Structures are given as C-alpha cells and as structure tokens.
Amino acid sequence: MKQLTQQLKSGKMEILEVPFPALNKGYIMVRNHYSVISTGTEGKTVTEARKNYLAKAKSRQKEVRQVIQMVKSNGLLPTYKLVMNKLEAPSSLGYSCAGEVIAIGEGVTGFQVGDWVACGGSTASHADVVSVPTNLAVKVPQTVDLKQAAFSTIAAIAIQGIRQADLRMGENCLIIGMGIIGQITYKILELSGMKPIGIDLSEDQVRLSKSAGINHVYNRNQNGLDATILEFTKGQGADAVIITAGTSSLDPVEYAGAMARKKGKVVIVGAVPTGFSRPNYYRKELDLRMSSSYGPGRYDGNYEEKGIDYPIAYVRWTENRNMQSYIDFLTSKRLDISGLITHTFPLEESPHAYDLILAKDEPFAGIVIQYDDGSELRKKVELNSHNYLPEEANVGFIGAGAFAQASLLPNMKGYCNFVGIATGRGNTAKHVGDKYGFNYLASTGDEIVADDSVNTVFITTRHNLHAENVIKSVQSNKHVFVEKPLAMNEDELLDIKKTYEQTKSKHIMVGFNRRFAPAIQELKKLFLPEQPKSIVIRINSGVVPPDHWVNDPILGGGRIIGEACHFIDLAMFLADSPIVSVSAENMPDPNDLNNTVVINLKMENGSIASINYFANGNKTVPKEYLEVFSGGTIAQMDDFKTLKVFGNRTQKFTYKGKDKGHANGVRAFLKSIKEGTPCPIPFEESHLSTLATFKVLQSIMENRKIVL
C-alpha cells in the first residue's frame, strides 16, 4: 500500500510503499476511497517543516528548551542523534477520511467487512489503508457521496463550535474566517434555522464562498462592515461569534468582542491568540468559550483508544456523535457540500496540493485526495533479499518506537542480521527498514514469529503486548529479547515460565541494561559475591502526566512495573544473591499512582537494598545515584558518569557520556546466540526480578512484607 509522508527535517514529501498498519483490539481496518487535507492544520505543519533550522527553532522554543535540557543530561552526541532521527523519519499527515471496512479487530461490534465508514483521528491518514478505533469511525449509508463523507472529522470540528455557541432557532451568528471549517459552519447553521453571516480577510475567499451558495459573506476590510453586521443583527450585535480563522493576529478576538451583543458568546475554534483588551468583554459580560477539536472524547485515551463511550444521558454530543450528525445531514440530503470541494488530487499527485496551499496562487476550500480503490494492495513490503546462515543472529523486530530506534538498533548494527520488522505504523517500519537494511516490512508481529529465517525476536511494543509475543516467539523456537517489563502480572509471568521450561534451548533476556553499564561493571568488581552488602538506590524519576500510556493499568501497568523493575533487578545483581522478601511504602498521590515509593529488599546472602523511586523531584538534579556499603568499603555511582570508591584508598572513575549499558547488554545477548553460550541474564533472574516487582505492588496494597 502507499502512504503520503513528510520529512520534518526538510519538508520533503513522498509517496512511500509501506506495510499495512497494525489492527489493534477495538480497531477497524479501512481501505480509503477519499481523504481530506486540513488546509489549516496540515498547511501549518508543512510550513513549519519547510523552514530552515533557525526558523524552526524560533517557532518551536519549547522544544528547543527540551533539547537543551537533554544535552545537559545525556550529552551532545546522543541528543543530536535522537533529534536527527526524529527529523529524518517520514511522518504521516491527515485526520479525516472515508472508505470501506476490510478487516475487524478483536472485540469490535457494530461494524462488518464491506461497511462504508467515515474516520477521524491521527491514524486516519492519507494512505491506501488505515486502522482506526471504533469511536473515531461512523457508518456511512451507500446512498451518501463518500467524497463528502470524508469531511466528517472536519465537519465535527465545525459542529462542536456550533454546540459551544449554544444557539437557538432564529438567533444569528458571526463567523470570522471563511475557510473550509467556516464555510461548513455557515451551511450547518443555515439549515438548522440560525442566521449566519461570515467575514474573511481574503477577497478570493469571499468570492469562493459566494460561489458555493453562501450569501452573507463580506471582506473584513470592507468599508462599513460594522454597520452591515449591525443591520444584519437588527442593531443588537451577534448572539454568538464563532472564530474559525487561524492567525497570530489579535484582530479576530478583538473584533468578536466589538460585534457581539451584550452577554453574547464568543467561541474560539481556530488557532488564534486570546490576549484581548478588556473593555468589550467586561462591559458586555461576554462569555468566551474554547471549542476542543471534534468534541467530547478528544484527547481522552479511554474514549478514543479503548472505545469507552460517554453515557448519552450525561454527554449528549461526543466526537463520534458529532461525526454521525454530519453523516445524518448528508443522508437526509439537507446538506450538500459538493460546492465547497474545490480540488481533487490522486494520491500520486497529492504533494502538489500542499504546494497549492502554501503558494496561495488560487483560492481553495475543500481539498480531497482520491485513491485507486480497485488496485491490488500488498500487506508486506520486500526491501532486500539477503540470505543469512542459520547459526548467526537473524533478527526480527516487533515494535520499533523511539526507544528501539535510539538505544537498541544503533547498537546492534554489525552484530546481527536484520531480517523483518513489524510496527504499528507503516511509515515507521519503512524508515527503520531502509535505515538498517531489513529484508522486509511485515504488517503483523505474527509474520515475524512465523518466519523460519528469523531465529531471534526483539519485542519493543507497548508493555501489554510483551507477554503474548514472548510466548508466541518461544513456542516458535526463537530466541527472545524483550524490553522490560517481561510481563504485566503474575499470571502472564507464570505462562511465560511454563512455556520457557518446555524448551530451555532458547534464550529469553529482558532489557535490564543497567547491569552492563561500565560504572556498574567496575563497581561490582570491588566486592566478593558472598559479601553481604547494603545498597541504596535513589531515582529522581521525574513527573509523567497521569494520562500517559505508561500510567495506564492496561497498556503500561504503571511506573513500578514499567521502570522500577530496572532497579530491583540492579539491586539483586549487585547483591549477587536472590531476593527473598519485599516490602514497600508509597506516598499518597492525587491520581492514585504509585509513582513515589520506597522499596526494601532482602537477599538470600543477607544483603539488603533500599530503592527510593521518587517522582516528586526536580529534573535539574541527576536522575540516578547509588551507594554500596560492604566490608569497610563504600562505592558511590552518580548517574553513570562517575564512580567514587572509599576503601583502603580513595579512587574516582569518570565515564564518557552517560552509558547505561544498552550497547553492552544487547551485544552480549547477540554474541551468546552466535557462540551458543548461556544467556547473559539467566531467565531465572529475569523471572525473579519481575516477580519481586509484582510483590512491591502487593506489599503496598496489603501493607505488609511479602516473602517470596
């Protein structure tokens, strides 16, 4: 299949051959017939991408500050590589489309193969095939023009603005900005019994609106405009003003204040500044409201990704119901926006559409991309045809997000053979596949597992998919490297253990990289395995937003399972002895997250460890610090940059950069496969570290020590 992409580094646009996107639980797979270019949002994105580095920095000062902080923390070269990888990767565009359902994900009801649907959201991109969650898709009757139905998401933005205006039949509304959203807003207000009037800075846009049947539309700079609007509103001013313009000027919000009637409403739909002057808003007691995208449910992972709907008795209009109301207008034939569609481009010529938007050489409103819905599509993309010896490490990747691209793949090049890769998004697979010379891009992880030429599977998906992919891979006689956590709960962990014990000839290694950090390796040499040790590990983990997927109990499992497991494993590694008991205390959190905890471990050889995992600190302080006390010696490791030893003599070791052991760990794993040596981290230790992590949560819940 083909997809339109843009490189953020240069703004270069390409039509790439990519694999089908992943069909997740609660998703449907759709073959696009049409998708719509958002001339405002996408036009801004493309404009930003085509700027030079200096201009990009000026317009993205927040991101620049984040990069500077990253340089201070991680060093210049790692930060440069991370940023350039992001800038060079092809990114998707688009969020409104329509087509035919070709596959149904697990747990989906209400849709079937063959249905016509309109789709929205970040995965509803400009591509032959898209995979979208059910709450961002609505059925389209086959009597409806699919080209018009493709505007459902953009129309939902207009509809949500109207709902925020809370207008009644017969009331009037001033629309500022007569682009495609402004024009759809006008049409829907008019057919709903309201009296709209529109203005725009562009005379071309005014003429275009009039040619589409919009009568009351005027140039913002027209002489006597105030009087025209007052006459239209019978001298009272607008009952509501909906701003659908996109500009850095304060004029729209200031003019809205001037033209609204007393106690009127001003609704901001477009991207405009809100630093208005006080008099009009104060004297008229105006109600200023924001309209959030398509409507309630937007940016809520539970609603959009998990499909948990809002009860209609409490939230009458969600983003999905807004999309559906637009389709209902089309179905009833009361609304026809065909006159608003000014341009249609085949997918192969779609980059020219963005040139048109940026050049502004001719007026435009609705711009549509049309797909060849009769051509044969390939789910899998072949890139190379290298043949490798079976005794080598022949790797397949399931998942290849930011972490894999930054910390694993660069450190594996030259130490293994890259065979196949499957990721959630086809454009990501294409970027990684080309960069590292993979043989093919798969549409599902199952294709990687079933490939006999792959003997080693790397699993770097979201946490909830780790266990099932580990089990499938082991059952298919593959070596497995899985990023932490190994599992999300004790039942999954038990299933993995049972599967592993059926065939212990293959490796299962968890990405507990800190064991392999140069500072840790040097520290461990200082002590004998049988020496009891007192270990203190402090982690300034930083704040992660409560709605981040890592904090989701289903997708991420929380930060103890997702990250604190690293330090539990590290403590056991330094103690050189199995964990025998766990106790933990957490700090109360307004979101009921166990993100600030003290974990105490007891080891079989008498060693003890205290892990202070704190999410309530300041990011200017280094993240990780640990001390080991034993036999009159103290070792202090500061954020993998320095190691100080206080014993018979004082020593200090300084390390270049902040090497957390990713390269050493993954290379040791690959070497063990090629040489047939034991796994660098025995499965039994990975299992025990993971089990101890689950016992931390049990200890907090039951308020007691847990003996393993």
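Because the structure is a prediction, the values reported are computed rather than measured.

Looking now at the sheet that holds strand β4 (residues 90-92). On the basis of which strands lie adjacent, the open sheet formed by 3 strands has the order β2-β1-β4 and antiparallel pairing. Of all strands in the sheet, those bounded by a partner on one side alone are β2 (13-17) and β4. Mean inter-strand twist for the sheet, computed between neighbouring axes without regard to direction, equals 50°. Two strands pair when backbone bridges link them, and strand β1 (residues 2-7) and β4 are joined in this way by 3 bridges, in the antiparallel orientation. Looking at the pairing, Thr5 lines up with Ser92 of β4.

Moving on to the sheet that holds strand β14 (residues 287-290). Ordered in space as β11-β10-β9-β12-β13-β14, the 6 strands form an open sheet in which the pairing is parallel. Because the sheet does not close on itself, it has two edges, and the strands there are β11 (217-219) and β14. Across this sheet, the average inter-strand angle for adjacent strands is 20°, counted without regard to direction. Where strand β10 (residues 195-200) lies against β11, 3 bridges are found, and the strand directions are parallel.

Turning our attention to the packing of helix α6 (residues 152-165) against helix α7 (residues 180-191). Packing of α6 against α7 leaves a shortest axis separation of 9 Å and a crossing angle of 60°. The orientation of α6 relative to α7 falls into the category oblique. Where α6 crosses over α7, the handedness of that crossing is right-handed. Here Ile154, Ala155, Ile157, Ala158, Ile159 and Ile162 of α6 come into contact with α7, specifically with Ile180, Ile181, Ile184, Thr185, Ile188 and Leu189. Per-class residue counts for the contact of α6 with α7 are 11 nonpolar, 1 polar and no charged.

On to the pairing of β10, then. Regular strands have side chains that alternate between both faces of the sheet. For β10, the buried fraction is high: 5 of the 6 residues fall into the buried class. Pairing geometry for strand β9 (residues 172-176) and β10, over 5 bridges, is parallel. Paired with Leu174 across the strands is Ile197, a residue of β10. Handedness of the crossover joining β9 and β10 through α7 is recorded here as right-handed. In the classification by handedness, the crossover that spans β10, the intervening helix α8 (residues 203-211) and the parallel β11 is right-handed.

Here we come to the state of the cysteines. According to the stated counting rule, one finds 0 disulfides in the structure shown. The cysteine Cys97 is free of any disulfide, with Cys119 supplying the nearest cysteine sulfur at 4.5 Å. By relative accessible area, which is 0% here, Cys97 ends up buried. Of all cysteine sulfurs, the one in Cys416 lies closest to Cys679, which takes part in no disulfide; the gap is 15 Å.

What follows covers the packing of aromatic side chains. One pass over the full model with this rule turns up 12 aromatic pairs. On the basis of an interplanar angle of 65° and a centroid distance of 5.8 Å, the ring pair of Phe418 and Tyr436 is categorised as edge-to-face. Of this pair, Phe418 sits in strand β19 (residues 417-422) while Tyr436 sits in helix α16 (residues 426-436); the two residues are 18 residues apart in sequence, bridging distant segments of the chain. In this structure, Phe418 and Tyr436 share a single accessibility class: buried. Relative to Phe669, the ring of Phe458 has its centre 5.8 Å away and its plane inclined at 80°; by these criteria the two rings are edge-to-face. Taken together, the positions of Phe458 in strand β21 (residues 456-459) and Phe669 in helix α22 (residues 662-675) put the pair 211 residues apart, joining distant regions of the chain. Under the relative-accessibility criterion, Phe669 is labelled buried at 0%. The ring of Trp317 carries Arg163 above its face, with NZ or CZ at 3.6 Å from the centroid. For the cation-ring pair, Lys524 lies above Phe573, with the distance from its terminal atom to the ring centre recorded as 3.6 Å.

Definitions and limits used
Residues numbered from 1 in each chain as written. Predicted model: local features only at pLDDT ≥ 70, side-chain atom pairs only at ≥ 80, totals over all residues. Heavy atoms only, no water. Pairing = 2+ DSSP bridges. Helix = DSSP H or I, 4+ residues; strand = E, 2+ residues; numbered from the N terminus. Axes fitted to C-alpha atoms, helices over the stretch in contact; angles between N-to-C directions. Parallel < 35°, antiparallel > 145°, perpendicular 65-115°, else oblique. Left-handed = near helix turned anticlockwise from the far one by under 90°. Contact = heavy atoms within 4.5 Å. Nonpolar A, V, L, I, M, F, W, Y, C, P; charged D, E, K, R; others polar. Buried < 20%, exposed > 50% of the residue type's maximum accessible area, 1.4 Å probe, protein only. Right-handed = clockwise from strand over helix to strand, strands pointing away. Disulfide = S-S within 2.5 Å. Phe/Tyr/Trp six-rings, centres within 6.5 Å; stacked < 30°, edge-to-face > 60°. Lys NZ or Arg CZ within 6 Å of the ring centre and 35° of its normal.

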